[in-house]
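Observations on the three-dimensional arrangement
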Amino acid sequence: MRILIVGSGGREHALAWAVRDADTLFIAPGNPGTAQYGVNIPVPVSELTGMVSFARNEQMDLVIIGPEVPLADGLADALDQGGIPCFGPSAAAAEIESSKAFAKGLMQRYGVPTAQWQHFHSNQLDEARNYAKMLGRCVIKASGLAAGKGAIMCENTEDSEYALHDLMIAGSLGEAGKEIVIEEWMEGEEASMFVLTDGDDYLLLDSAQDHKRVFDQDRGPNTGGMGAYAPAPVMTERLIESTCSRIIEPVLEAMAREGRLYKGCLYAGLMVTDEGPKVVEFNCRFGDPEAQVVLPLMGGDAIEILLCAAKGGIGNLRLEKQSLAAACVVLASGGYPGSYEKGHVVTGLKAAGEVPGALVFHAGTKSENGNILTAGGRVLGVTAVRETLSDAITHAYQAADLIDFKNKQLRRDIGCRALDRE
Ligand code: AMP
Ligand code: GLY
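Here goes a summary of the coordinates provided. (Residues numbered from 1 in each chain as written. Chains lettered and ligands numbered in written order. Predicted model: local features only at pLDDT ≥ 70, side-chain atom pairs only at ≥ 80, totals over all residues. Heavy atoms only, no water.)

Considering the overall build of the chain
Definition in use: A run of H or I in DSSP becomes a helix once it reaches four residues, and a run of E becomes a strand once it reaches two; helices and strands are each numbered from the N terminus. Two residues qualify as a contact provided that any one of their heavy atoms is within 4.5 Å of a heavy atom in the partner residue. All accessible-area figures derive from a Shrake-Rupley calculation using a 1.4 Å probe, and residue coverage is judged against the displayed protein chains alone. By the counting scheme adopted, Arg and Lys are positive, Glu and Asp are negative, and His together with the chain ends is not counted. Taken as the charge centre is NZ of Lys, CZ of Arg, CG of Asp or CD of Glu, depending on the residue.
Of regular secondary structure, the chain possesses 14 helices and 23 strands. Each principal axis of the C-alpha distribution contributes one length, and for the chain these read about 60 × 45 × 40 Å. Restricting the contact set of the chain to residue pairs at least 6 apart, pairs at least 24 apart contribute 66%. Split by element, the accessible area of the chain, about 17300 Å² in all, is 46% carbon and sulfur. Computing the positive centroid from 37 side-chain charges and the negative centroid from 56, the chain places the two 2 Å apart.

Examining the packing of aromatic side chains
Put simply, the test is: Here a pair means two rings of Phe, Tyr or Trp (six-membered ring of Trp) with centres within 6.5 Å. Their orientation is stacked below 30 degrees between planes, edge-to-face above 60, and tilted elsewhere. Only protein chains enter the accessibility calculation, which uses a 1.4 Å probe. A residue is then buried if its area is under 20% of the maximum for its type, exposed if over 50%, and partly exposed in between. To sit over a ring, a charge needs its Lys NZ or Arg CZ within 6 Å of the ring centre and within 35 degrees of the ring normal.
Per the counting criterion, the structure on display carries six aromatic pairs. Summarising the aromatic geometry, the rings of Phe87 and Phe286 are spaced 6.0 Å apart at their centres and angled 15° between planes, so their arrangement reads as stacked. With a gap of 199 residues between them, Phe87 in strand S5 (residues 86–87) and Phe286 in the loop between strand S17 (276–283) and helix H10 (291–294) connect regions that are remote in the sequence. Overall, Phe87 belongs to the buried group, its relative accessible area being 3%. A cation over an aromatic ring shows up here: Arg20 above the ring of Trp17, its NZ or CZ 4.4 Å from the ring centre. The aromatic ring of Trp185 is capped on one face by Arg137, whose charged end is 3.8 Å from the ring centroid.

Quick word on the packing of helix H5 (residues 91–98) against helix H6 (residues 100–109)
For the record, the criterion: Here the axes come from fitting lines to C-alpha atoms, over the contacting stretch only for helices, and the angles between their N-to-C directions go from 0 to 180 degrees. Oblique is the label for every angle not falling under 35 degrees (roughly parallel), over 145 degrees (roughly antiparallel), or within 65 to 115 degrees (roughly perpendicular). Think of it as three bins: nonpolar holds Ala, Val, Leu, Ile, Met, Phe, Trp, Tyr, Cys and Pro, charged holds Asp, Glu, Lys and Arg, and polar takes everything else, Gly as well.
For the pair H5 and H6, the least separation of the axes is 6 Å and the interaxial angle reads 95°. By the criterion of interaxial angle, the relationship of H5 to H6 is roughly perpendicular. Across the interface between the two elements, Glu95, Ile96, Glu97 and Ser98 from H5 touch Lys100, Phe102, Ala103 and Leu106 from H6. Residues that form the contact of H5 with H6 fall into these classes: four nonpolar, one polar and three charged.

Some remarks on the pairing of S17
Defined as follows: DSSP bridges decide pairing: two strands pair if at least two such bridges lie between them.
Within S17, eight of the eight residues are buried, which leaves the element mostly enclosed by the surrounding structure. Both strand S16 (residues 264–273) and S17 contribute to a ladder of seven bridges, which runs antiparallel. Opposite Val272, over in S17, you have Pro277 as the bridge partner. A loop of two residues connects S16 with S17, the two strands running antiparallel in sequence.

Focus: helix H7 (residues 125–135)
Formally: The directions considered for the arc are those from the helix axis to the C-beta atoms.
Taken residue by residue, H7 has Ala128, Tyr131, Ala132 and Leu135 as its buried positions. Taken end-on, H7 shows its buried residues confined to a sector of 100°, consistent with a single buried face. Residues of H7 that are exposed and point more than 90 degrees away from the buried face comprise Asp126, Asn130, Lys133 and Met134. Looking at the buried positions of H7, the neighbouring elements they touch are strand S6 (117–121), strand S7 (138–142), helix H8 (157–169) and strand S9 (179–184).

Next comes the structure, spelled out in structure tokens:
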């Protein structure tokens, strides 16, 4: 089996780890962590033509696309046209993430529970202000891809006036904010559900919860994610069943009915409200850092599972439920998600990897003269897989504390909400 993984973050390292038994594994462009299992290829994710040529010349049996941008840009379509099996949806299906206005419209057409909403174009400032005023507490979002920075939580009209000015007049998010969505502020606990689908059937993976704010107790600005754990105890059997029947199945059927065949991972970001789970957002790929906890718990043969999602037949697979839990602590550069320094030497990786159950995933690192240096905001994701969540958290921190670099920044409360619940 010859596999190419597209991307270079912690999620792609986790994917490379999951398919490490492939006969041949390439990662484009990859990172020093992915290089432990395969060969990194210097093709950037934005180079669609180069990526397809590489996959064709190297006779790939499967291409796994990690990030959302190449999916939204049509990499899966281009591979499909080249006859190369691909894990990841077409650009039309990826609109479920790349256009919040499309996602909300789809949910409305098919009765999928989500926050009350309306969308507005840049010439509809007055209409947008009136709707935000009517809602009071609300969330204002850029419709397009905004790398996790696209949602502005507004406590009152003053906040919403400021947010609308920022997005619609100052154009702070550029193209992504040309169209905006304003929605009701939902109350509840957040959780994420992941399914793998071939367009016909789906396989349910563990639920997870990530920690988006940079500081403990959910303070400070949003980040790509400072840690995650799985499964999320808030997602009881009953809530998982209702999420499947009221959210996942109608959405997959709707996508097929509208000619947007969905293959790959569908990520449903949920708010567990008093009225049951409602959709906050969909992503058209694995989450990062959620992949670093969900993939190690997946069980089964990851290559077979991902290939079935790409080529069909996922309905014939059964995953043995594992009674394990995973926690991932992200080690970030001081200053992230604002500006930060790069190039600091990372120590302790080997010792951390020897902690029982630990998996150290690289994200923003580079290798130079035999050293691993920091090279991004989120530097590493330190996962531990154990029998209980509390043990997974203890071991993830034990490993995380063995790693050091200048200005290392981490949250100390990953998984605490789940522990409180237990
Ligand atoms: P999104 O960009 O849609 O994923 O939103 C980012 C984060 O903003 C979510 O993970 C939630 O924490 C929060 N959020 C988004 N929409 C809502 C909503 N309607 N009600 C409450 N919180 C929200
Ligand atoms: N951790 C959130 C995301 O991947 O979108």
